[in-house]
Amino acid sequence: MDHHVHTIEVTINGKKYRETVESRLLLSDFLREICGLTGTHVGCEHGVCGACTVQVNGSAVRSCLLFAVQTDGQEIKTVEGLAEPGSLTPLQQNFSECHGLQCGFCTAGILMSTDDFLRQHACPSTKEIKEMLSGHLCRCTGYDGIVKAIEKTVKEKNVAEDKEMKLCT
Ligand code: FES
Ligand code: FES
């Protein structure tokens, strides 16, 4: 076998993939072109815009900064894996309700970062939310709708868990 080619096994959105890839193939191109998961978008291709963000073992990462071979044996989640097919997570629902997207180019990446962020921050401040979003470029929304959507999601979750007074004062 050509030494520039490797066979990798990854789990993406719960499904196993075994593929032979060139060592220089970016994870973003692997997901889109080999796996057909085109919900992950590619903007700058050098780590600036955040559009390509996915999760590897639960952590948000820029898929244009990783080679596919680096994820051999790992668990990957893309925007297609956030909710069950045909449904939306509360965060996705609130992006829709709060006008957190227009063209949608940045949206998948922002959802993947926010999903990871909210697992680590039960009650983030607006400042913390904005800091997290600073890794993502959105040319359409002015970010207000995005921040609102995230804050609404936090509030609803904490109300549902009856934590609002304890955590969000
Ligand atoms: S395409 Fe990866 S950060 Fe812009
Ligand atoms: S919704 Fe268009 S770039 Fe963010």
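Residues numbered from 1 in each chain as written. Chains lettered and ligands numbered in written order. Predicted model: local features only at pLDDT ≥ 70, side-chain atom pairs only at ≥ 80, totals over all residues. Heavy atoms only, no water.

Enquirer: Help me understand the overall build of the protein in this model?
Expert: Within the protein one finds 6 helices and 5 strands. Secondary structure elements of the protein, listed N to C terminal, follow the sequence β-β-α-β-β-β-α-α-α-α-α. Its C-alpha radius of gyration of 17 Å places the protein within 12% of the 15 Å reference for a compact globule of 169 residues. When the backbone C-alpha atoms are referred to their principal axes, the protein occupies close to 60 × 30 × 30 Å. Taking contacts inside the protein between residues at least 6 apart in sequence as the whole, the part at least 24 apart equals 55%. Per element, the accessible surface of the protein, about 9300 Å² overall, is 51% carbon and sulfur. (Helix = DSSP H or I, 4+ residues; strand = E, 2+ residues; numbered from the N terminus. Rg over C-alpha atoms; globule rule 2.2 N^0.38 Å. Contact = heavy atoms within 4.5 Å. Areas by Shrake-Rupley, 256 points an atom, 1.4 Å probe, with all protein chains shown as cover.)

Enquirer: Just checking my understanding: could you explain the pattern of salt bridges for this structure?
Expert: Opposite charge on two side chains lets them pair, provided their charged atoms get close. One pass over the full model with this rule turns up 7 salt bridges. The partner of K152 in a salt bridge is E97, and the shortest N-O contact between them spans 2.7 Å. A residue pair is termed long-range when its members are at least 10 positions apart, and K152 in helix 5 (residues 144-160) and E97 in helix 2 (residues 90-97) qualify at 55 residues. With a relative accessible area of 28%, K152 lands in the partly exposed category. Judged by relative accessible area, E97 falls into the partly exposed class, the value being 43%. The shortest N-O distance in the salt bridge between D115 and R119 comes to 2.6 Å. (Salt bridge = Lys/Arg side-chain N within 4 Å of Asp/Glu carboxyl O. Buried < 20%, exposed > 50% of the residue type's maximum accessible area, 1.4 Å probe, protein only.)

Enquirer: Explanation requested: the environment of L133 in the structure shown.
Expert: Mapping L133 onto the fold places it in helix 4 (residues 126-133). On a C-alpha basis, the gap between L133 and H121 in space is 14 Å, while along the polypeptide they are 12 residues apart. If we skip the residues at most four places from it in the chain, L133 touches I110, Y143, I146, V147 and I150.

Enquirer: Help me understand the environment of V79 in this model?
Expert: Examined against the element boundaries, V79 turns out to sit in the loop between strand 5 (75-77) and helix 2. Under the relative-accessibility criterion, V79 is labelled buried at 17%. Contact partners of V79, with chain neighbours within four places excluded, come to G39, T40, Q92, A108, L111 and M112.

Enquirer: Before we go on, may I ask you to explain the domain arrangement of the protein in this structure?
Expert: As a measure of interface size, the accessible area lost when the parts come together is often cited. Each assigned domain of the protein is listed with its residue range as follows: domain 1 (5-81) and domain 2 (90-167). Opposite the 18 residues of domain 1 that make contact, domain 2 presents 14 residues. Of the roughly 1200 Å² buried at the junction of domain 1 and domain 2 (both faces included), carbon and sulfur atoms supply 54%. Put simply, domain 1 and domain 2 have 0 salt bridges between them. Taken together, the links from domain 1 to domain 2 amount to 9 residue pairs in polar contact (both at pLDDT 80 or more). Put simply, the parts of the chain that give the side of domain 1 that touches domain 2 at least two residues each are strand 3 (53-56) and strand 4 (59-62). Across the side of domain 1 that touches domain 2, the residue classes break down as 7 nonpolar, 9 polar and 2 charged. (Domains from an automatic or database assignment. Buried area = accessible area lost by both parts, 1.4 Å probe. Polar contact = N/O pair within 3.5 Å; in protein donor to acceptor, adjacent residues only side chain to side chain. Nonpolar A, V, L, I, M, F, W, Y, C, P; charged D, E, K, R; others polar.)

Enquirer: Looking at this structure, how should I read the pairing of strand 2 (residues 15-22)?
Expert: Looking along a regular strand, one sees the side chains alternate between the two faces of the sheet. Sheet topology note: the strand 1 (residues 5-12)/strand 2 ladder contains 8 bridges and is antiparallel. Opposite I8, over in strand 2, you have E19 as the bridge partner. From the end of strand 1 to the start of strand 2, which pair antiparallel, there are 2 residues, and N13 there has a positive phi angle of about 50 degrees. (Pairing = 2+ DSSP bridges.)

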